[in-house]
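What follows is each chain in one-letter form.
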Amino acid sequence: MSANSAESGRSAESRLLTESELTVVLVKAGKTKIRYPAALVADDGTRVTVRAPWAAPGVRDFGFVRFEPGDVFTEHYWRDAWFAVKEVRTGAGELKGWYCDVTRPAVLRDGELLVEDLDLDLWVSADRSAVLRLDEDEFEESGLDGRDPEAARAAVAALDELEGLARTEEGFAGLLG
């Protein structure tokens, strides 16, 4: 096979991956919180990357960021890590920042990406001047520490890891690159 044929084969495979759709299913406390369609960007066997528009109805104003119709999320999920990192951009492509969910490792099965939210979150603004730990009170109230102490420890460690990465000069570049 010539180099051009090999390159054409990879391009066709890349186009297929890029055009594939799946459904992201976010579960919290055993119940489906939200499900939405997303375009599969990449799957290397460990990390699954999808792209989707803001899936909730209307605007969600957190005070430090607003998610609104037209926003685009490029979401990175790992099969072997306890978090997801979501790059958030306006419809015009301006980076708002990164919203990180602490989750159990993701499972991709039958066209669905299943993700269990463990309440802890991290927000990192586009200029990285704001690194905010979120929902620690909800995590405490969830009782995960009593039900599943190992998962609770993994969740706190994941939040600490994300915050540590966010505060480095490189930020999430090494993780997402």
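Predicted model, so just to flag it, every value in this text is computed and none were measured. (Residues numbered from 1 in each chain as written. Predicted model: local features only at pLDDT ≥ 70, side-chain atom pairs only at ≥ 80, totals over all residues. Heavy atoms only, no water.)

Let us look at the confidence of the model for the chain. Summing up the model confidence of the chain, the mean pLDDT is 90 and the portion of residues at 70 or higher is 89%. Below pLDDT 50 for its whole length, residues 1–18 participates in five contacts with residues either more than four positions away or in separate chains. (pLDDT = per-residue confidence, 0-100. Contact = heavy atoms within 4.5 Å.)

Moving on, we come to the environment of Leu113. If you trace the backbone, Leu113 turns up in strand 10 (residues 112–125). Ignoring anything within four residues of it in the chain, the contact list for Leu113 reads Leu22, Thr23, Val24, Val25, Val48, Val50, Tyr77, Ala106, Val107 and Leu108. (Helix = DSSP H or I, 4+ residues; strand = E, 2+ residues; numbered from the N terminus.)

With that settled, the discussion passes to the layout of surface pockets. In this structure, the largest pocket spans a volume of roughly 550 Å³. Lining of the largest pocket is provided by 23 residues; of these, Lys33, Trp54, Arg60, Phe62 and Tyr99 occupy positions nearest its centre. Taken together, the elements giving at least two residues each to the lining of the largest pocket come down to strand 1 (21–28), strand 2 (31–43), strand 6 (72–78), strand 8 (95–103) and strand 10. Of the residues belonging to the lining of the largest pocket, the class tally is 13 nonpolar, no polar and 10 charged. (1 Å grid on protein atoms, 1.4 Å probe; cavity = no way out; pocket = protein on both sides within 12 Å on 5 of 7 lines; lining within 4 Å. Points joined across faces, edges and corners; volume = space filled by probe spheres on them. Nonpolar A, V, L, I, M, F, W, Y, C, P; charged D, E, K, R; others polar.)

The sheet contact formed by strand 1 and strand 2 spans eight bridges and is antiparallel. For Leu22, the partnering residue across the bridge sits in strand 2 and is Ala38. Counted between consecutive antiparallel strands, the loop separating strand 1 from strand 2 contains two residues, among which Ala29 sits at a positive phi close to 55°. Across four bridges, the pairing between strand 2 and strand 3 (residues 47–53) is antiparallel. Bridge pairing in strand 3 links Asp43 to Val48. The turn joining strand 2 and strand 3, which pair antiparallel and follow one another in sequence, is formed by three residues; a positive phi near 95° is taken by Gly45. (Pairing = 2+ DSSP bridges.)

On to the nonpolar core, then. Of all hydrophobic cores here, the largest spans 23 residues; its most connected members are Val85, Leu122 and Phe172. Take this core: its biggest share by element is seven residues, from helix 4 (residues 149–166). If we ignore the near neighbours within four places in the chain, the residues touching Val85 are Thr74, Glu75, His76, Trp78, Trp98, Tyr99, Cys100, Leu162, Phe172, Leu175 and Leu176. (Core = buried A, V, L, I, M, F, W, Y, C linked by side-chain atoms within 4.5 Å. Buried < 20%, exposed > 50% of the residue type's maximum accessible area, 1.4 Å probe, protein only.)

Moving on to a negative patch on the surface. A cluster of acidic side chains, namely Asp137, Glu140, Glu141 and Asp145, defines a negative patch on the protein surface. Topologically, Glu140 is positioned in helix 2 (residues 136–142). For Glu140, a relative accessible area of 62% corresponds to the exposed category. (Patch = residues over 30% accessible without salt bridge, like charges linked within 9 Å, V, L, I, M, F, W, Y side chains within 5 Å. Areas by Shrake-Rupley, 256 points an atom, 1.4 Å probe, with all protein chains shown as cover. Salt bridge = Lys/Arg side-chain N within 4 Å of Asp/Glu carboxyl O. Lys, Arg positive; Asp, Glu negative; His and termini not counted. Charge placed at Lys NZ, Arg CZ, Asp CG, Glu CD.)

Turning to the packing of aromatic side chains, a few remarks are in order. On inspection of all chains with the given rule, the structure shows 12 aromatic pairs. Judged by centre distance (5.6 Å) and plane angle (25°), the rings of Phe62 and Phe64 are stacked. By relative accessible area, Phe62 is classed as partly exposed at 25%. Ring plane angle 35° and centroid distance 6.0 Å describe the contact between Phe62 and Tyr99, whose orientation is recorded as tilted. Residue Phe62 is found in the loop between strand 4 (60–61) and strand 5 (66–67), and its partner Tyr99 is found in strand 8; the two are separated by 37 residues along the sequence. Three or more aromatic residues joined by ring pairs form one cluster here, namely Trp54, Phe62, Phe64, Phe67, Phe73, Tyr99 and Trp123. (Phe/Tyr/Trp six-rings, centres within 6.5 Å; stacked < 30°, edge-to-face > 60°.)

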